[in-house]
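# A look at the structure
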Amino acid sequence: MMRLDKMLAHSGYGTRKEVKEFIRKGFVLVNGEVIKDDDFKVDEEKDEIVIADQSVSYEKLIYIMLNKPDGYISATYDNHDPIVLDLIEGYENRGLFPVGRLDKDAHGLLLITNDGKLAHKLLSPKNHVDKVYYLKYDGTFMPYAYKAFEQGVFLEDGYKCLPAKFEMIKEGEGLITISEGKYHQVKRMMEAVGCEVTYLKRISFGKITLDESLNEGDYRHLSLAEIQMLEES
């Protein structure tokens, strides 16, 4: 059994706060009866649940957008540091994991799911899913560096990155778009052209953009439209 508000939020019908409002306003029926108690217990697999005339089916697959703060490891386990899953409450034993990684000191958009098939698709090098980062840096981004990024900059170990794009906001701030996810890649790419990253925040992943209403450490479920956009990435 599961709380009604939790079940609706988990199924992508809004935040817990939003679905509580839907319930209290009488927009939700359980087995044909209007339910206005958000803590009403439902059997997510057997009960017939309708919200605003739309039948609800409980989704076993979970898709979450997290605004990652500094200091958390993008992993499912770590011996020394807190992990991003520590920020996600109420999903124990649901098999959640981060899609890719953000550096421990990086901020911003991180997708959390238990959909291994979609995660593999999004991370596969052959699919070249774009990721956009906002960054601050020390040093001067020289004119030649734009072309180096476009052609594929060489890292210190000799690896040639896939073509990328750098857009300067002003000296010391910019946006970088990459389509792969090597270890510390953005920092290493900037180092290759004589700059040092001092702040890094991912603002988009594929067609999904970070919800700026989320404070660092907060999260929400992806909407059905957002899930579809990821599947089309």
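Data block above holds the structure.
Heads up: these notes are all about the structure in this document. Along each chain, the written sequence defines residue order, and numbers are assigned to residues from 1. Local features in this predicted model are restricted to residues whose pLDDT is 70 or higher, and side-chain atom pairs enter the listing and the counts only when it is 80 or higher, whereas totals over whole chains, interfaces and linings include all residues. Hydrogen atoms and water are omitted, and side-chain values are computed over all heavy atoms in the structure.

So, on to the overall build of the protein chain. Elements are defined by DSSP. Helices are runs of H or I of four residues or more, strands are runs of E of two residues or more, and each kind is numbered from the N terminus. When helices and strands are tallied, the protein chain shows 6 helices and 15 strands. With respect to the principal axes defined by its C-alpha atoms, the protein chain has extents near 65 × 35 × 30 Å. Contact criterion: two residues are considered in contact whenever any of their non-hydrogen atoms come within 4.5 Å of each other. Of all intrachain contacts in the protein chain linking residues separated by at least 6 positions in sequence, the fraction that spans at least 24 positions is 64%.

Right, let's talk about the sheet that holds strand β6 (residues 54-56) for a bit. Being paired, for any two strands, means DSSP has found at least two bridges between them. Pairing is antiparallel across the open sheet formed by 4 strands, whose spatial order is β3-β2-β5-β6. The open sheet has two free edges, formed respectively by β3 (33-34) and β6, since each of these has just one partner strand. As judged from the 3 bridges shared by strand β5 (residues 49-51) and β6, these two strands associate in the antiparallel manner. Each residue of the ladder has a partner; that of I49, found in β6, is V56.

Below, the discussion takes up the pairing of strand β10 (residues 131-138). Across the 8 residues of β10, 6 count as buried, placing the element largely inside the fold. Across 8 bridges, β10 lies against strand β13 (residues 196-205) in antiparallel orientation. By the bridge assignment, V132 is partnered in β13 with S204. Classification of residues uses two cut-offs on accessible area relative to the type maximum, computed with a 1.4 Å probe and protein chains only: under 20% is buried, over 50% is exposed, and between them is partly exposed.

Attention now moves to the environment of V193. Here V193 is to be found in the loop between α5 (185-192) and β13. For the pair formed by V193 and A145, sequence separation is 48 residues and the distance between their alpha carbons is 6.1 Å. With residues up to four places along the chain from it excluded, the contact list for V193 reads T140, F141, Y144, A145, F149 and V153.

A word on the pattern of salt bridges. By definition, a salt bridge exists where a carboxyl oxygen of Asp or Glu is found within 4 Å of a side-chain nitrogen of Lys or Arg. For the structure shown, the criterion picks out 16 salt bridges. Residues D103 and K187 are paired through a salt bridge, measuring 3.3 Å at the closest nitrogen-oxygen approach. Here the residue D103 occupies a position in the loop between β8 (97-98) and β9 (107-113), and K187 occupies one in helix α5, the gap between them amounting to 84 residues. Judged by relative accessible area, K187 falls into the buried class, the value being 16%. Here R220 and E226 are joined by a salt bridge, their closest N and O atoms 2.8 Å apart. With respect to burial, R220 and E226 carry one shared label: buried. A network of salt bridges, in which partner residues are shared, links R3, D5, R16, K20, R24 and D38.

Within the sequence span of helix α6 (residues 224-231), burial applies to E226, I227 and L230. Mapping the buried residues of α6 onto a view down its axis gives an arc of 100°, with all of them on the same face. Its buried side turned inward, α6 meets β7 (63-68), β9, α3 (116-123), β13, β14 (208-209) and β15 (219-221). What the arc measures is the spread of directions leading from the helix axis to the C-beta atoms.

By convention a nonpolar core is built from buried Ala, Val, Leu, Ile, Met, Phe, Trp, Tyr and Cys residues, the set being connected through side-chain atoms within 4.5 Å. Grouped together as the largest cluster of nonpolar side chains are 36 residues, with contacts concentrated most on L135, F141, F149, I176, M189 and M190. Elements supplying a minimum of two residues to this core: β7, β9, β10, α4 (143-151), β12 (173-178), α5 and β13. Those residues in contact with F141 that lie beyond four places of it in its chain are Y146, F149, F166, M168, E171, M190, V193 and C195.

A negative phi holds for most residues other than glycine; trans holds for most peptide bonds. Positioned with a positive phi, D53 is a non-glycine residue whose angle comes to about 70°. Tracing the backbone shows D53 in the loop between β5 and β6. Not every positive phi belongs to a glycine, and H128 is a case in point at roughly 50°. Considering the arrangement of structural elements, one finds H128 in the loop between α3 and β10. When its relative accessible area of 42% is taken as the criterion, H128 is described as partly exposed.

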